[in-house]
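Chain residues, written in single-letter form:
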Amino acid sequence: VEKIRVALDERSYDIFIGEGNLKEIGGKLSEFGFSDKIALISNPTVYELYGETVSKALRDSGYDLAEVLIPDGEEYKSLDSAEEIYTSLLKAKLDRKSALIALGGGVIGDITGFAASTYMRGIDFIQIPTTLLAQVDSSVGGKTGVNHPLGKNMIGSFWQPRLVWIDTLTLNTLPRREFLSGLGEVIKYGVIWDRELFSYLDANRNKILELDAKALMHIIRRSCEIKAEIVSKDERESGLRAILNYGHTIGHAVETLTGYKKYLHGEAVAIGMCLEAELSSQLGFTGSNEPAMLKNLIDSFGLPSEMPSGIQTGELLLSMQIDKKTVGGKMHFVLPEKIGRVKVYSGTEPEDIRRLLE
Ligand code: NAD
Ligand code: GLY
């Protein structure tokens, strides 16, 4: 089992990454001094696969466990579902020393964190992420939230978990496309922070695609280390943390304009990363070699790298302008200077985007 510390003063916590360690979560939790009443939040898909193992581990350690299942899907990351969670917690009499356990992907992690941050003005929560995306990104760093009909992730809070407990064996049941989507975020860490990780992905493609245990452990550990380091330096995204949004300015607009149906998140980010690398080259911040290297890696993992046809420059610009990342009318782009280093740039003009799409 690997341990990574997220250093945030009194909000510091550990990420544990193991293989087959789901059943050990009960013993681990005993170290925290939570009250006996705790709740497991999951969805029917994940619960069917891992719910029993986790529930048994918790009950065997003496916890009085409430279970709340939210239907599977991004559309259920909503205030309505949060209210259902609050109702179940109140009925089960969870108190201020209780903890919530999120068992699932980013949807379950985000909504559980949000419910934890607001129930009785804030109780503890634990992340047990079961998708690659959640293991390398969403379970770490404390961004929690739900969607609003007018915008994704628009309602939320910063609320750090007390523990992140990763079992890489859960990836064995993850649909292939979801796994590849998570790899999009791993590639992102290589571009923004770690050229060696980028090279590792290139050199170990087959092992990763075969879910080789050592290779998975390496990429998850390295991704968590990088995210932990960035979040420790800038928890609330007043500066550095924004580099985690590489590929997301265009990627998020692509998701919005395709109605969140055509692409998974990491797929849209892959397209965004390729276009934003091209933009960097067009603006003279990097040569043409880096965008080509990135496109090759993305293509080799079977992720999309090109803008879907039919997206107009005007609608793309409009979508980027109403994004949370646009402040004071200025679009913020994270642009690679070379693999392993990026800068945040807010001088992009609509004309640059027009040229890029052409
Ligand atoms: P998800 O939670 O919808 O999970 C994807 C699918 O995989 C679901 O159908 C789920 O039931 C299923 N699944 C989960 N684990 C499984 C397993 N081990 N075996 C089989 N099936 C499994 O999607 P996601 O990609 O994990 O997360 C996306 C969400 O994360 C979005 O809502 C996004 O906004 C959020 N997100 C948050 C942050 C953050 O910092 N908080 C960062 C990135 C993304
Ligand atoms: N997923 C981006 C962040 O956590 O800041």
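Residues numbered from 1 in each chain as written. Chains lettered and ligands numbered in written order. Predicted model: local features only at pLDDT ≥ 70, side-chain atom pairs only at ≥ 80, totals over all residues. Heavy atoms only, no water.

A. Spatial organisation of the packing of helix H11 (residues 265–282) against helix H14 (residues 350–357). The interhelical angle for the contact between H11 and H14, taken along N-to-C directions, is 115 degrees, at an axis separation of 10 Å. It follows that H11 is roughly perpendicular to H14 by the angle criterion. Crossing angle aside, the handedness with which H11 passes H14 is right-handed. For the pair H11 and H14, the contacting residues are Leu-275, Glu-278, Leu-279 and Gln-282 in the first and Asp-352, Ile-353, Arg-355, Leu-356 and Leu-357 in the second. Grouping the amino acids of the contact of H11 with H14 by side-chain chemistry returns 5 nonpolar, 1 polar and 3 charged. (Axes fitted to C-alpha atoms, helices over the stretch in contact; angles between N-to-C directions. Helix = DSSP H or I, 4+ residues; strand = E, 2+ residues; numbered from the N terminus. Parallel < 35°, antiparallel > 145°, perpendicular 65-115°, else oblique. Left-handed = near helix turned anticlockwise from the far one by under 90°. Contact = heavy atoms within 4.5 Å. Nonpolar A, V, L, I, M, F, W, Y, C, P; charged D, E, K, R; others polar.)

B. Summary view of the site of ligand 2. Close contacts around ligand 2 come from Asp-137, Lys-143, Lys-227, Glu-237, Arg-241 and Leu-244, and that covers them all. Between ligand 2 and Lys-143 there is a distance of 2.9 Å, counted from an oxygen atom to a side-chain nitrogen or oxygen. Arg-241 places a side-chain nitrogen or oxygen 2.7 Å from an oxygen atom of ligand 2. In the complex, 86% of the free accessible area of ligand 2, which totals 200 Å², lies under the protein chains. Residue composition of the shell around ligand 2, by class: 1 nonpolar, no polar and 5 charged. (Near = heavy atom within 4 Å. Polar contact = N/O pair within 3.5 Å; in protein donor to acceptor, adjacent residues only side chain to side chain. Areas by Shrake-Rupley, 256 points an atom, 1.4 Å probe, with all protein chains shown as cover.)

C. Looking closely at the pairing of strand S9 (residues 163–167). Of all 5 residues making up S9, 5 are buried, and the element is well covered by its neighbours. A two-sided burial pattern is seen for S9, the buried positions comprising Leu-163, Trp-165 and Asp-167 on one face and Val-164 and Ile-166 on the other. As paired strands, strand S2 (residues 13–18) and S9 are joined by 5 bridges and run parallel to one another. Within the sheet, the bridge partner assigned to Gly-18 lies in S9 and is Asp-167. Alignment of strand S6 (residues 124–129) against S9, held across 2 bridges, turns out to be parallel. (Buried < 20%, exposed > 50% of the residue type's maximum accessible area, 1.4 Å probe, protein only. Pairing = 2+ DSSP bridges.)

D. The side chain of Asn-147, seen in detail. Along the chain, the position of Asn-147 falls in strand S7 (residues 143–148). The class for Asn-147 is buried, based on a relative accessible area of 15%. Here the side chain of Asn-147 touches Glu-74 through a polar contact of 2.7 Å, side chain to side chain. Look past the residues within four positions of Asn-147 in its chain and what remains in contact with it is Glu-74, Lys-77, Ser-78, Leu-79, Lys-152 and Asn-153.

Without other data, these values stay purely geometric and don't point to any function.
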